[in-house]
Amino acid sequence: MRKRDHNLLTNAASLLICGLLAGVVVAAAAFPAVAMSGLAAKAGAETFDKLPTELTVKRAPQISYLYASDGKTMLAAMYDENRRDVPLADVSPIMQAAIVAAEDHNFYSHNGVDVKGVARAFVANQNAGQTQQGASTLTMQYVRLAIAYSANHPEDVIAATEDTSARKLREMKYAMQLTKEMSKDEILERYLNIAPFGNGAYGVFAASQVYFGKQPADLTIDEAAMLAGLVKAPTAFDPTTPGGYPMAVDRRNYVIDNMVKTGAITQQEADEAKAVELVVKGKRAPNGCVAANKNHWGFFCDFFYRWWMEQETFGATTYDRERRLKSGGYHIVTSLDVQTQEGAKKAVERALKTGSKNALMVAAIEPGTGYVRGMAVNRNFKLDDPDNPQNKVSTDPAKAKKGIRGTYPNTTNPLLSGGGDITGYQAGSTFKMFTMVAALEKGYPLEYTINAKSPYQSKYIVEQGSPAACPGTNKYCPRNASPSMNGVHNMWSAFGGSVNTYFVPLQEQVGAANAIDVAQRLGITFRAANDARFAADPEGANQWGAFTLGVSATTPLELANAYATLAADGKYCTPLPVQEIRDADGNSLDIASPQCKQAVSVEVARAAIDAARCPVGDNSSTSRCTGRTAGIVRSVVGHPVAGKTGTTDGEKTASLAVTTKQLAVAGILADPDWADTNVAMKHYIVNPAVYETLRDGMKGKEKKQFTPPSGKLVRGEQRSIPGVECQSIDNARSRLSGAGFQVEVDRSGPITSACPAGTAAGTTPSGRTIKGGVVIIKVSNGQGAQPSPDESPGDGGPGDGGTPGRPGNGGNPGGDGDDGD
């Protein structure tokens, strides 16, 4: 007889026998008295024949892994079930033999159903009066697990696992069909990858890792036998519990003896294996961000998780998205750069150790891609144990009275990226950048001059009598941090020295709403309710006089990305925590690609960066820097840099944003629990944490220069300043105004001049300056030497090309002038 004919006859006989036996089993369950009747057997055969043969199998849940940007360093794992499918070739032959010996001796000889086993179980169960033997083959067990994992509703899961004859009948039919369609190795591979092994381990890969910390290819006889013995009852045979350990040893030895019976091993090998002491790790695989491989990676991991949960690509609801992440078996290469991250954490801890109530938060992002390269804070990423709390009482007096604990040293709040109750922190004069960009977009060049008076009575309305108002008025009245900042400034010197009374009148001229619009285009989200109201109402926005001084809340990540956008020639990229996502089949997903758009023009961005090189100790071929609030940055980082410091009213926060062409870093020092803190936040803490992070992140990278700006955005339209020496002040004012300049008279006192007392001694600047720029008339005291006959007063001379009158604060490293530091 041909083999094919023999197989057909075997299958046909099995179908008939299984049908008859199934009918008997069903009848026995319902009507024991007629269990052996012909009626029962006939009914069983007809029922079995009508069952479907196509088994729909969904992929069992798979663990997703997160890696650093190098694609090698594992950050964290996320799963509902700790499982990773592996090919049978990666499972040791001894493990394959052990599972067959434990569960199905005749696996390689039957056609999915062990007919003798079914008959034997029936007889045994009838004699026992209750079900004691199941006769399920490996293939039938796989069918049961596959149906459960493919179920769409809870009731389907129950139906797939309930102990009924109907379920057995269905399993038999499917098992026989699978045996026709798959090889024995394929069935065994699927079973080993789906079976539960206890302690959160599903599949042989996870089980090998959890119990023995090794790959399934490296399992020994005793280890393989212990794992194979678990699948029958993972909880009862749990070797990590005192009660389960001896049962696990007995079960292991039982499997080893069966391996001798199946011919998998010799008796000597069995004796040696049983003599090995059972030692297991019993350690569940780390799961989620709180179990990241390094705790400080948890804040970045959490940023990734929140990003994933917002992506509709992964499902219509947050529930669907989370299930995809924790069961989809994704290989996720994140944007986290280990070098930058390690540098950031070390820099933060050097400046302010974990345990401080003040949070030192640093974020790093790559210009031109939006890849988030690092996130560090002096906090532990963990939930504080309510039964054994480590967190101190909140610094907020109102909360402290109620005994509410703060978020230090332990928290899982998104301190660096915002979200939930975290709306951000005031970033001070770093926001002057947005006013400057708005002015550049309106055509104001870097040379544009304003006479920065302190105090300055603005046009903005505030509450009369409030500390922000000029005395006796309802007008907003900003001041400079030092008298040395007063005087005529252009954008280079005003940004370098952080001159408040340059930027408030500049904002008046360009419109606060336009500055706010720039901030939004550069990624500031205005999460705080009051900020959002201002930003959404153009009328109200134009009365937000203090906006340019950074009273709006932001986060280190947003701030870093705003400056990164300008470093990338105006190209804004959404902060992105991933570089590559591959699904369980190896397919790459497009969602990991950078999401970028042009937020401001290339020339405007280059001009803004040119001025921003001044505060941090850098220069370009066009920049004309005088004030520097963090002048050490350039020498420490060792690359071309641009940036800005920021301090808020009462020093309640301190911030610094610095960027190169390849990496932008921002840091904020604040108290997340109490925004109205009475502790002064100092730049000697936040500044080093930022520039040392940037230094370490830039190690090994090419030194790339910023492209200097060109054209009218640098010097604007230059005009000659008329000579007004020895003319009356009124005539001088009229002549200069007629030439298109803003004219002011120096009230600091007369200067020595040969011109008659009370007349114009000259101007600052002299020669040429920008159209519409400020020209200050100097008043003569009449005590200078008289000019010789060949000298002709009043021609103005060649001048100094528009050099501003006075610089900023000369490089005070401690602050930026927005709050008197």
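First things first, this report covers the structure right here in the doc. Since this is a predicted model, take the numbers as computed values, not measurements.

**Concerning the overall build of the protein**
Scanning the protein from terminus to terminus reveals 28 helices and 24 strands. When each of the 821 residues of the protein is scored for burial, the buried share is 55%. When the accessible surface of the protein is split by element, carbon and sulfur atoms take 51% of a total near 34,100 Å².

**A look at the sheet that holds strand 18 (residues 654-659)**
Read across the sheet, five strands follow the order 7-6-19-18-17 without closing on themselves; strand pairing throughout is antiparallel. Only two strands of the sheet have a single partner each, and these edge strands are strand 7 (372-377) and strand 17 (642-647). Mean inter-strand twist for the sheet, computed between neighbouring axes without regard to direction, equals 5°. Seen against the sheet, helix 26 (residues 683-697) touches strand 6 (359-365), strand 17, strand 18 and strand 19 (664-670) and runs at an angle of roughly 20° to strand 18.

**Examining the nonpolar core**
In this structure, W308, M491 and I581 are the most contacted members of the largest nonpolar core, which totals 104 residues. Setting aside residues up to four positions removed in sequence, I581 forms contacts with W307, W308, F314, Y330, H331, I332, N587, S588, L589, I591 and A592. Counting residues in each nonpolar core, the second largest holds 66 residues, with A101, I194, A195 and L278 among its members.

**A closer look at the environment of L325**
Checked against the element boundaries, L325 lands in helix 14 (residues 318-327). On the basis of relative accessible area, L325 is assigned to the buried category, the value being 0%. The sequence separation of L325 and I63 amounts to 262 residues, and the corresponding C-alpha distance is 8.3 Å. In contact with L325, not counting residues within four places along its chain, are S64, M78, F304, Y305, W308 and I332.

**Focus on the side chain of S493**
With respect to the secondary-structure elements, S493 resides in helix 18 (residues 491-497). Judged by relative accessible area, S493 falls into the buried class, the value being 2%.

**Description of the pattern of salt bridges**
For the structure shown, the criterion picks out 31 salt bridges. When the shortest N-O distance is used, the salt bridge between D585 and R59 registers 2.4 Å. Taken together, the residues D585 in the loop between strand 15 (578-582) and strand 16 (596-598) and R59 in the loop between helix 2 (38-50) and strand 1 (64-67) connect sequence positions 526 residues apart. On the accessibility criterion, D585 (55% relative accessible area) is exposed.

**Description of the packing of aromatic side chains**
Here the structure, examined in full by the defined rule, presents 18 aromatic pairs. A centroid spacing of 6.2 Å and a plane angle of 50° characterise the contact between F526 and W544, whose relative ring orientation is tilted. Of the two residues, F526 sits in the loop between helix 20 (512-521) and helix 21 (529-536) while W544 sits in the loop between helix 22 (538-541) and strand 13 (553-554), which places them 18 residues apart along the sequence. Its relative accessible area of 6% is what places W544 among the buried residues. Taken together, the ring pairs in this structure connect F431, F434, F526, F534, W544 and F547 into an aromatic cluster. The aromatic ring of F205 is capped on one face by R84, whose charged end is 4.8 Å from the ring centroid.

**Side note on the sheet that holds strand 2 (residues 74-78)**
Strand order in the open sheet formed by four strands is 2-1-5-15, with mixed pairing between adjacent strands. Every other strand in the sheet has two partners, leaving strand 2 and strand 15 as the edge strands with one partner each. Neighbour to neighbour, the strand axes of the sheet diverge by 15° on average, direction disregarded. Summarising the sheet, strand 1 and strand 5 (residues 331-334) pair through three bridges and their orientation is parallel. Each bridged residue has a counterpart across the sheet, and for Y67 the counterpart in strand 5 is V333.

What counts, and at which threshold
- Residues numbered from 1 in each chain as written.
- Predicted model: local features only at pLDDT ≥ 70, side-chain atom pairs only at ≥ 80, totals over all residues.
- Heavy atoms only, no water.
- Helix = DSSP H or I, 4+ residues; strand = E, 2+ residues; numbered from the N terminus.
- Buried < 20%, exposed > 50% of the residue type's maximum accessible area, 1.4 Å probe, protein only.
- Areas by Shrake-Rupley, 256 points an atom, 1.4 Å probe, with all protein chains shown as cover.
- Pairing = 2+ DSSP bridges.
- Axes fitted to C-alpha atoms, helices over the stretch in contact; angles between N-to-C directions.
- Contact = heavy atoms within 4.5 Å.
- Core = buried A, V, L, I, M, F, W, Y, C linked by side-chain atoms within 4.5 Å.
- Salt bridge = Lys/Arg side-chain N within 4 Å of Asp/Glu carboxyl O.
- Phe/Tyr/Trp six-rings, centres within 6.5 Å; stacked < 30°, edge-to-face > 60°.
- Lys NZ or Arg CZ within 6 Å of the ring centre and 35° of its normal.

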